[in-house]
Each structure stands twice: as structure tokens, then as C-alpha cells.
Amino acid sequence: MSQCCVTSYTGAAPTCPMNGKPMKPVERKTVEGLLKPEIKVDLLLQPYYFCNAPDCDIVYVSEGKDHLVTKDMLIVRVGIKETEDPIPLCYCFGYMRADVREDIRQKNDTDIETIIRQRVKAKECWCEEANPSGTCCLGEVMKSIKLAKALKDQNLL
Ligand SMILES: [Zn+2]
């Protein structure tokens, strides 16, 4: 976890230059692990922040806002910024939005959240390297299940 050459976090979380929303700090290993190799060389020695806004193509921004990383520069699709399948929900265990929707469509329920919780408890997750946000996916998974159930109730799924 050495970050000896990276300048330290100095103030309030910067806002996304594209949509002005506050961004979240993200570990360097997350950014490094998910960038396409040819983009990695452009990384600056600054902390990076993650924009979680669905309507924004920017994924990471350097603290000085002089390096913007857009979603096409990543080796994975950023689920929360996509509207069309495949939409990754859980990066550690490979669950897609379509998996949740298929379960809800067929049996009006899903074990996916429970399975993820069990595997997280067993410390099998590796969100910091797998998920572009660098954090656990469970919040997004729960949102997706709730939405799928609501769509099913309205016969829209
Ligand atoms: Zn943004």
C-alpha cells in the first residue's frame, strides 16, 4: 500500500469538472488496476477521485483536475454509468444486472444478494481492485433488485 510518491489529500473532496457533483476518493491501486495499459502511463502523482454520477462519462479525476479519465479508458464497463447490457453490478463475483432481472422475472426473488453477502463474509471479495468505485457493490445490488421488483410489479420487466 505504499503511496510514498503521491501527494496527500489536502482538502474537501473536489467536484467533477463535467457535472459539478462531489466525487469520492479512490485508492490508487483501484485506478491503476482498471485503466487500459496505454492510459496508465498518463497517471499523475496525485490522489484520484471517482465520479459516481450516472449521466457523466468521467470516471476518475486527479486532485488538480488536470487528468480526466473517461469510461472508455477502463478495461471494465462502469455499471452505474451504463444504461444498456451488459451492466456489471458485482465485479468480484461477476453478477450482471441481467442476472438480477432474470431471477426477478422468473421467480420474483433472487439469491444474488445473499450469495454476495456470504462471500463477502468469507472475505472472498476484492472490491478495491475489481470495482471502479473501489468499494463494495452491495448498495448497487440492492438498488438493482428493488428496481427490478418495481418493474416486474408494473409488468415492465
Ligand atoms: Zn462526473
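These numbers were taken from a predicted model, which means no experiment stands behind them. (Residues numbered from 1 in each chain as written. Predicted model: local features only at pLDDT ≥ 70, side-chain atom pairs only at ≥ 80, totals over all residues.)

## Focus on the overall build of the chain
Point 1. Helix and strand content of the chain: six helices and six strands.
Point 2. Along the chain, helices (α) and strands (β) appear in the sequence β-α-α-β-β-β-β-β-α-α-α-α when read from the amino end.
Point 3. The principal-axis extents of the C-alpha atoms in the chain amount to approximately 50 × 35 × 30 Å.
Point 4. Of all 157 residues assigned to the chain, the portion counted as buried reaches 28%. (Helix = DSSP H or I, 4+ residues; strand = E, 2+ residues; numbered from the N terminus. Buried ≥ 20, exposed ≤ 12 C-beta atoms within 10 Å, placed from the backbone.)

## Digging into the domain arrangement of the chain
Point 1. For the chain, the domain assignment lists domain 1 (1-75) and domain 2 (79-153).
Point 2. Using only C-alpha atoms to locate each centre, domain 1 and domain 2 end up separated by 24 Å.
Point 3. Counting residues at the interface gives 13 residues for domain 1 and seven residues for domain 2.
Point 4. Looking at the side of domain 1 that touches domain 2 element by element, the count peaks at four residues for helix α1 (residues 28-34). (Domains from an automatic or database assignment. Contact = placed C-beta atoms within 7 Å.)

## Some thoughts on the pairing of strand β3 (residues 58-62)
Point 1. Taking burial as the measure, the five residues of β3 include four buried ones, the bulk of the element.
Point 2. As paired strands, strand β2 (residues 48-50) and β3 are joined by three bridges and run antiparallel to one another. Bridge assignment links Phe 50 to a residue of β3, and that residue is Tyr 60.
Point 3. The pairing of β3 with strand β4 (residues 68-70) spans three bridges and is antiparallel. Looking at β4, one finds that Val 61 is bridged to Leu 68.
Point 4. Between β3 and the antiparallel strand that follows it, β4, lie five residues; Lys 65 among them carries a positive phi value of about 60 degrees. (Pairing = 2+ DSSP bridges.)

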